[in-house]
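Residue-level listing of the chains:
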Amino acid sequence: MEKVELLKKRGISLRKLNIIMFVLAVVISTVLLFAMNRTNSLYKKNHKMTQTLYEWREDAYNLQLASDYLTEQIRCFAVSGDKQYLDNYFEEAEVTKRREIALDNIKRNHEDSPAVRELSEAMSESSHLMKREYYAARLAVEGYGYDLNDYPEVIRLVELSDEDKALSGEEQRYAASRYLFDEEYLTSKRRINDNMTDCLDRLEDEVSKKQAKVSKELETQVFIEHVFTFVLIGIMLGIVILTSILVFRPLRRCVELIRKEREIPLKGAYEVRFLAKNYNLMYYTTKENENKLNYEANHDKLTGLFNRRGYDFFLSNVDMETSSIIILDLDNFKDINDKYGHDVGDKVLANVAQVILHSFRSQDYVCRIGGDEFAVIMIRSDSTMKDLITRKVEHLNEVLSNPSDENIPPVTCSVGVAFGKYGITVSELFKRADRALYQSKDGGKQCVSFYSNKSVRDDNN
């Protein structure tokens, strides 16, 4: 609890937060890369298993098809005596060899399966059955009276029993068919087919289970990959949100308060709070130093405005590159002193000072820099504020021309304005404002002029 309270008080350190987020991102990214690599591996394995299952089914089909084809061709030869059937039989048995090729493929891809060994045994029994088919083929050749030399050596080498040799041609043909259709042949054939079908079914079940297992692993791996992807996205969003909450928003608020010259609340990350704390310290120190300034030494006794000394202090400490100087000079003020006396003249000056003070912003510095000459240091201002200043001067002259106090005679003022810019010195800025003032005086007084690089432009009231 103490650590939590301390964390609330001091704020989260951006350095530590960045390290934590970076480590988390690296860890999650590394795990995600491994997960993606495993997903790719499982995908390839699943693809291979699917291909193996497809090839297996094709081999199983060829194995059964070739076996049935051999039986069909030898039977057709025995019954019809058409030599083409026997040629087809030996073409399949000795050239095409679909059974042998399919069995070799199955053994190569599934050599560790017990069903493959049983399938090989079933095929061995099938090979023994072929000897019976060769014998039947030799009987058929003899029965149809064909030239034995026209047939494969395996047929020529078959030795008929004395009993079958003694049979007539028709009887030999009948005996050949009987060998291929009797119960013994059918039983052997059926047993071989049943064993083969059973082995193939069990083997297909094994392959299908392996393929299903790999598919399940792939599905799980893809889910894990998605989880880590979302976690990584969450970390990235967390970094963005935390950075916004702990850094950008507090900094933006700090800028606003600094512009308003107000205290900054201690919010946000530790580093932001540290900066705010030091700014507040400087802020209070500055305020205290300002308060410690001798009021009388920096203020005009008659008007209450800053005097020439205060004016010089602000020129030395305010950022004049982003500020402007406005010089105001009363028109024909000497005539007022001569006509009404200095007491009335002092009242006029005091009234002018209050009107000027209330015509500008509270953060602007209003000073009396001479007998009837005033200056306003307008901070954070530029040429875009020309219209605003013109309206202020118009209002100022209107109020001074129509005083509410009957004991105060009307008066007007001429104004010169110069805007600060990058690299300009304070003395040069003052000279520009002074030139603009003289332009107003020469232009008929009771007006405002703005200094320009090319010329001084007049805006007459």
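Note that the structure is a prediction, hence the values are computed from the model and not measured.

### What about the overall build of the protein chain?
Thinking step 1. Counting secondary structure elements, the protein chain contains 16 helices and six strands.
Thinking step 2. Taking the principal axes of its C-alpha atoms as reference, the protein chain extends roughly 170 × 60 × 35 Å.
Thinking step 3. Counting the 461 residues in the protein chain, one finds 40% classified as buried.
Thinking step 4. Of the contacts formed within the protein chain by residues at least 6 apart in sequence, a portion of 67% connects residues at least 24 apart.

### Topic: the packing of aromatic side chains
The description of two aromatic rings rests on the distance between their centres and on the angle between their planes.
Thinking step 1. Considering all chains together, one arrives at 13 aromatic pairs under this definition.
Thinking step 2. Plain terms: the ring middles of Phe77 and Tyr151 are 6.3 Å apart, the flat faces sit at 55° to each other, and that makes the pair tilted. With Phe77 in helix 2 (residues 14-80) and Tyr151 in the loop between helix 5 (114-144) and helix 6 (153-156), this pair connects stretches of sequence that are 74 residues apart.
Thinking step 3. We classify Tyr151 as buried; its relative accessible area is 3%.
Thinking step 4. Ring plane angle 85° and centroid distance 4.6 Å describe the contact between Phe306 and Phe314, whose orientation is recorded as edge-to-face.

### Things to note about the pattern of salt bridges
Thinking step 1. A full pass over the atoms with the stated rule returns 12 salt bridges.
Thinking step 2. Here Arg132 ties to Glu184 by a salt bridge, and the two come within 3.5 Å at their closest N and O atoms. A residue pair is termed long-range when its members are at least 10 positions apart, and Arg132 in helix 5 and Glu184 in helix 9 (residues 183-259) qualify at 52 residues.
Thinking step 3. A relative accessible area of 15% places Arg132 in the buried class.
Thinking step 4. Of the charged contacts in the structure, one is a salt bridge between Arg368 and Asp300, with a shortest N-O distance of 3.1 Å. Placement of the pair is Arg368 in strand 2 (residues 365-368) and Asp300 in the loop between helix 11 (295-298) and helix 12 (308-317), with a sequence separation of 68 residues.
Thinking step 5. Using a relative accessible area of 15% as the deciding quantity, one classes Arg368 as buried.
Thinking step 6. Given a relative accessible area of 16%, Asp300 falls into the buried group.
Thinking step 7. A cluster of three or more residues bridged by salt bridges with shared partners is formed by Arg132, Asp182 and Glu184.

### Examining the packing of helix 13 (residues 333-340) against helix 14 (residues 342-359)
Thinking step 1. At a minimum axis separation of 7 Å, helix 13 and helix 14 run at an interaxial angle of 140°. Classified by the interaxial angle, the pair formed by helix 13 and helix 14 is oblique. When helix 13 is examined against helix 14, the residues Phe333, Ile336, Asn337 and Tyr340 are found in contact with a partner set consisting of His342, Val344, Gly345, Val348 and Leu349.
Thinking step 2. Taken together, the residues that form the contact of helix 13 with helix 14 break down as six nonpolar, three polar and no charged.

### Description of the nonpolar core
Thinking step 1. Ranked by internal contacts, the top residues of the largest apolar core, which has 41 residues, are Leu86, Tyr89, Leu119 and Ile155.
Thinking step 2. Every element with two or more residues in this core is listed here: helix 2, helix 3 (83-96), helix 4 (98-109), helix 5, helix 8 (169-181) and helix 9.
Thinking step 3. It is helix 5 that contributes the most residues to this core, 13 residues altogether.
Thinking step 4. If we skip the residues at most four places from it in the chain, Leu119 touches Leu63, Leu103, Ile106, Met196, Cys199 and Leu200.
Thinking step 5. The next biggest cluster of nonpolar side chains, apart from the first, holds 31 residues, and it includes Ile326, Ala353, Phe360 and Val376.

### Considering the side chain of Ser414
Thinking step 1. Along the chain, Ser414 falls in strand 4 (residues 413-419).
Thinking step 2. Overall, the relative accessible area of 0% leaves Ser414 in the buried class.
Thinking step 3. A distance of 2.7 Å separates polar atoms of two side chains, one belonging to Ser414 and the other to Asp331.
Thinking step 4. The residues touching Ser414, leaving out its near neighbours within four places in the chain, are Ile327, Leu328, Asp329, Asp331, Leu437, Ser440, Lys441, Lys445, Gln446 and Cys447.

### A closer look at the packing of helix 14 against helix 15 (residues 386-401)
Thinking step 1. It is at 10 Å that the axes of helix 14 and helix 15 come closest, and there the two elements cross at 150°. The orientation of helix 14 with respect to helix 15, classified from their angle, is roughly antiparallel. Handedness of the crossing formed by helix 14 with helix 15: right-handed. For the pair helix 14 and helix 15, the contacting residues are Asn351, Val352, Val355, Ile356 and Ser359 in the first and Lys392, His395, Leu396, Val399 and Leu400 in the second.
Thinking step 2. Residues that form the contact of helix 14 with helix 15 fall into these classes: six nonpolar, three polar and one charged.

### Concerning the confidence of the model for the protein chain
Detailed reading of the predicted coordinates is not advisable wherever pLDDT falls low.
Thinking step 1. Of all residues in the protein chain, 91% have pLDDT values of 70 or greater, and the mean over the chain is 82.
Thinking step 2. Mean pLDDT across the elements of the protein chain bottoms out in strand 6 (residues 457-460) (45) and peaks in strand 4 (95).
Thinking step 3. Confidence over residues 455-461 falls short of pLDDT 50; this stretch has 23 contacts with residues more than four positions distant or in other chains.

### Thoughts on the pairing of strand 1 (residues 324-330)
Thinking step 1. For strand 1, the tally of buried residues reaches seven of seven residues, placing the bulk of the element in the interior.
Thinking step 2. Covered by surrounding structure in strand 1 are Ser324, Ile326, Leu328 and Leu330 together with Ile325, Ile327 and Asp329, the residues of both alternating faces.
Thinking step 3. Alignment of strand 1 against strand 3 (residues 373-378), held across six bridges, turns out to be antiparallel. Counted as the bridge partner of Asp329 is Glu373 from strand 3.
Thinking step 4. Pairing analysis gives seven bridges linking strand 1 to strand 4, with the strands arranged antiparallel. Across the sheet, residue Leu330 finds its bridge partner in strand 4, namely Cys413.

Parameters and conventions
- Residues numbered from 1 in each chain as written.
- Predicted model: local features only at pLDDT ≥ 70, side-chain atom pairs only at ≥ 80, totals over all residues.
- Heavy atoms only, no water.
- Helix = DSSP H or I, 4+ residues; strand = E, 2+ residues; numbered from the N terminus.
- Buried < 20%, exposed > 50% of the residue type's maximum accessible area, 1.4 Å probe, protein only.
- Contact = heavy atoms within 4.5 Å.
- Phe/Tyr/Trp six-rings, centres within 6.5 Å; stacked < 30°, edge-to-face > 60°.
- Salt bridge = Lys/Arg side-chain N within 4 Å of Asp/Glu carboxyl O.
- Axes fitted to C-alpha atoms, helices over the stretch in contact; angles between N-to-C directions.
- Parallel < 35°, antiparallel > 145°, perpendicular 65-115°, else oblique.
- Nonpolar A, V, L, I, M, F, W, Y, C, P; charged D, E, K, R; others polar.
- Core = buried A, V, L, I, M, F, W, Y, C linked by side-chain atoms within 4.5 Å.
- Polar contact = N/O pair within 3.5 Å; in protein donor to acceptor, adjacent residues only side chain to side chain.
- Left-handed = near helix turned anticlockwise from the far one by under 90°.
- pLDDT = per-residue confidence, 0-100.
- Pairing = 2+ DSSP bridges.

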